[in-house]
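Each chain is listed here by its residues.
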Amino acid sequence: MNERPIGVFDSGLGGLTVLQALADLLPTERLIYFGDTARYPYGSKPRDVLRRYSTQIADALLERDVKMIIVACNSASAAALDLLRERHPKVPIIGVVEPGVRAAVRATRSGRVGVIGTRMTADSKIYELTAQQLHAELDLEVVACPGFVELVESGDTDSDHARRIVAAGLAPLRDAAIDTLVLGCTHYPLLARTIKETVGRGVVLVSSADETAFEVRDILGRTGWARGGLAGPGWRRFLTSGDPPTFRRLGRRFLGADLGRVQAWNWELAAETEG
Ligand code: DGL
């Protein structure tokens, strides 16, 4: 048994979709969530910048003695997962792309699968590469959807404005004859209803959140690091480099539960401050 917490990070609120899946599946685990809201969006930034940001956050989480790190962000997974694993070979570090591909394989019948994500994720070709590595027989159509993350971070997920941006982002998939759509950005499940309205009910939406949580459970089982039921319930702690009250307000809306205290993180000090 291992009492230490699990670290989870994203550019902002999106990774809360993964945190939620972890909390549901592994209620006795302690979870520390880091939302780098002050520096979002990640998906339009160059790879070396995301490698630096991801390294800084991993270091901050490891200082809090986490036993595992979940990169709950496709863009950071695409840009920096290899680097983080190289730097911390003894810490299990899980990204969200591989779980997303596995979820798509399970869901599709025709093999025609759309993937929507940030510019970083689409340009990196990480979904195509990962499908190849997993020998997944998928015919992928990967599309960048600028503006979706900003909608989620501003809490605007079903206004006319949001619908227009979503329709424009999904337009390249209109004639792609997909039966499955991977939400290849952890922010996008928060837009799922609007996305579904646009692509139609015949297309199955999959996200990596549940699959990632199952992978974490497997690793905890294999390593014997799970925090057992007798240890009592887990907890969740939240850090944001942005504005804690905003993070708490929007996070509550999206998680459907109060986040409790959200602490501020100051990058100049590289430390927590009173939020
Ligand atoms: N949630 C992130 C992802 O999965 C990043 C979004 C962003 O900050 O651009 O790609």
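For the structure, check the block above.
The numbering scheme is per chain: residues are counted from 1 as the chain's sequence reads. In keeping with the predicted nature of the model, local features appear solely for residues at pLDDT of at least 70, side-chain atom pairs appear and are counted solely at 80 or more, and the whole-chain, interface and lining totals rest on all residues. Side-chain measures were taken over the full set of non-hydrogen atoms in the model, leaving aside hydrogen atoms and water.

Colleague: So what's going on with the overall build of the protein? Which residues, and what values?
Modeller: Each helix and strand in the protein was counted, giving 11 helices and 11 strands. The C-alpha atoms of the protein give a radius of gyration of 18 Å, which matches the 19 Å a tight globule of 275 residues would have. Based on the C-alpha atoms only, the size of the protein along its principal axes is roughly 50 × 40 × 35 Å. Under the scheme applied here, a residue whose accessible area is under 20% of the maximum for its type counts as buried, over 50% as exposed, and between as partly exposed, the area being computed with a 1.4 Å probe on protein chains only. Out of the 275 residues in the protein, the part that is buried amounts to 55%. Considering only contacts within the protein whose residues lie at least 6 apart along the sequence, 76% involve residues at least 24 apart. The protein chains shown are the only cover counted for residues, whose accessible areas, like all others here, come from Shrake-Rupley with a 1.4 Å probe. Looking at the protein as shown, the accessible area adds up to about 12200 Å², and 49% of this sits on carbon and sulfur atoms. Once the 34 positive and 34 negative side-chain charges of the protein are each reduced to a mean point, those two points are 3 Å apart. In this text, helices come from DSSP runs of H or I with a minimum length of four residues, and strands from runs of E with a minimum of two, each type numbered from the N-terminal end. The quantity called the radius of gyration is restricted to C-alpha atoms. Its globule counterpart is 2.2 Å times the number of residues to the power 0.38. Between two residues, a contact is recorded if the distance between any of their heavy atoms is within 4.5 Å. Charge counting treats Lys and Arg as positive and Asp and Glu as negative, with His and both chain ends excluded. Charge coordinates come from a single atom per side chain, which is NZ of Lys, CZ of Arg, CG of Asp or CD of Glu.

Colleague: An account of the sheet that holds strand β8 (residues 204-206) is requested, with residue identities and associated values reported.
Modeller: Pairs of strands are assigned from DSSP output, requiring at least two bridges between the strands. Read from one edge to the other, the open sheet built from 4 strands follows the order β6-β5-β7-β8, with strand pairing classed as parallel. The outermost strands of the open sheet, each flanked by one partner alone, are β6 (139-144) and β8. Averaged over all neighbouring strand pairs, the angle between strand axes comes to 25 degrees, with direction disregarded. With 4 bridges joining them, strand β5 (residues 112-117) and strand β7 (residues 180-183) adopt parallel strand pairing. Residue pairing for β7: Val113 is matched across the bridge by Thr180. Throughout, an axis means a line fitted to C-alpha atoms (over the contacting stretch in the case of helices), and angles, computed between N-to-C directions, take values from 0 to 180 degrees.

Colleague: Describe the nonpolar core, and please don't skip the residues or the numbers.
Modeller: We define a nonpolar core as any set of buried Ala, Val, Leu, Ile, Met, Phe, Trp, Tyr and Cys residues linked to one another through side-chain atoms lying within 4.5 Å. Membership of the largest hydrophobic core comes to 50 residues, with the highest contact counts inside it found for Ile116 and Ile195. Sort the elements by how many residues they give to this core and helix α1 (residues 16-25) lands first, with 6 residues. Once residues within four sequence positions are removed from consideration, Ile116 is found in contact with Val143, Cys145, Phe148, Leu170, Leu173, Leu181, Val182, Leu183, Gly184, Cys185, Tyr188 and Ile195. Grouped together as the second largest cluster of nonpolar side chains are 39 residues, Phe34, Ala103, Ile126 and Val206 included.

Colleague: Residue-level account of the layout of surface pockets, with values.
Modeller: Cavity: a set of points on a 1 Å grid over the protein atoms alone where a 1.4 Å probe fits but cannot get out. Pocket: an open set with protein on both sides within 12 Å along at least five of seven lines, its lining residues, like those of a cavity, having an atom within 4 Å of a point. Grid points are joined across faces, edges and corners, and a volume is the space filled by probe spheres set on the points. The space that makes up the largest pocket amounts to roughly 310 Å³. Residue lining of the largest pocket: 19 residues in total, with Ser77, Leu81, Arg85, Ile126 and Thr130 positioned closest to the centre. Secondary-structure elements contributing two or more residues to the lining of the largest pocket are α3 (74-87), α4 (97-107) and α6 (126-133). Here the element with the most residues in the lining of the largest pocket is α3; it accounts for 7 residues. As a working rule, the residues Ala, Val, Leu, Ile, Met, Phe, Trp, Tyr, Cys and Pro are called nonpolar, Asp, Glu, Lys and Arg charged, and the rest polar, with Gly in that last group. For the lining of the largest pocket, the per-class residue count stands at 9 nonpolar, 5 polar and 5 charged.

Colleague: Can you tell me about the side chain of Asp179, naming the residues and giving the values?
Modeller: Along the chain, Asp179 falls in the loop between α8 (160-170) and β7. A side-chain nitrogen of Lys or Arg and a carboxyl oxygen of Asp or Glu constitute a salt bridge if their distance falls within 4 Å. One buried charge, Asp179, has no salt-bridge partner; the nearest side chain with opposite charge is Arg109, at 6.3 Å. Engagement of the side chain of Asp179 in a polar contact is seen with the side chain of Thr108, the distance being 2.7 Å. Identification of polar contacts relies on pairs of N or O atoms within 3.5 Å, with a donor-acceptor requirement for protein atoms, meaning one able to donate a hydrogen and the other able to accept it, and with residues adjacent in sequence counted only if both atoms are side-chain atoms. Among the polar contacts made by the side chain of Asp179, one reaches the main-chain amide nitrogen of Ser110 at a distance of 3.0 Å. Ignoring any residue separated from it by four or fewer positions in sequence, one finds Asp179 in contact with Thr108, Arg109, Ser110, Arg112, Gly202, Val203 and Val204.

Colleague: Lay out the site of the ligand with the relevant residues and their values.
Modeller: Around the ligand lies a shell of 13 residues, among which Ser11, Tyr42, Asn74, Ser75 and His187 are the nearest. Between the ligand and Ser11, the relevant distance is 2.6 Å, taken from an oxygen atom to a side-chain nitrogen or oxygen of the residue. Measuring from an oxygen atom of the ligand, one finds a backbone N or O atom of Tyr42 at 2.7 Å. Look at the ligand: alone it shows 300 Å² of surface, and the protein chains cover 99% of it. Among the cavities detected, the one that contains the ligand is the largest cavity. Partitioned by chemical class, the residues of the shell around the ligand number 5 nonpolar, 7 polar and 1 charged. One heavy atom within 4 Å of a molecule or strand is enough for the residue carrying it to be called near that molecule or strand. A pocket or cavity is taken to hold a molecule when more than half of that molecule's atoms are within 2 Å of the pocket's grid points.

Colleague: Before we move on, could you go through unusual backbone geometry and cite the residues and values that matter?
Modeller: Cis geometry is adopted by the peptide bond preceding Pro41, which originates at Tyr40 and carries an omega value of -5 degrees. Position of Pro41 relative to the elements: it lies in the loop between β2 (31-35) and α2 (47-63). Even without a glycine there, the phi angle at Lys125 is positive, about 65 degrees. Mapped onto the elements of the fold, Lys125 is located in the loop between α5 (119-124) and α6. At His135, a residue that is not glycine, the phi angle is positive and equals roughly 55 degrees. Within the secondary structure, His135 is located in the loop between α6 and β6.

Nothing here speaks to function; it is geometry throughout.
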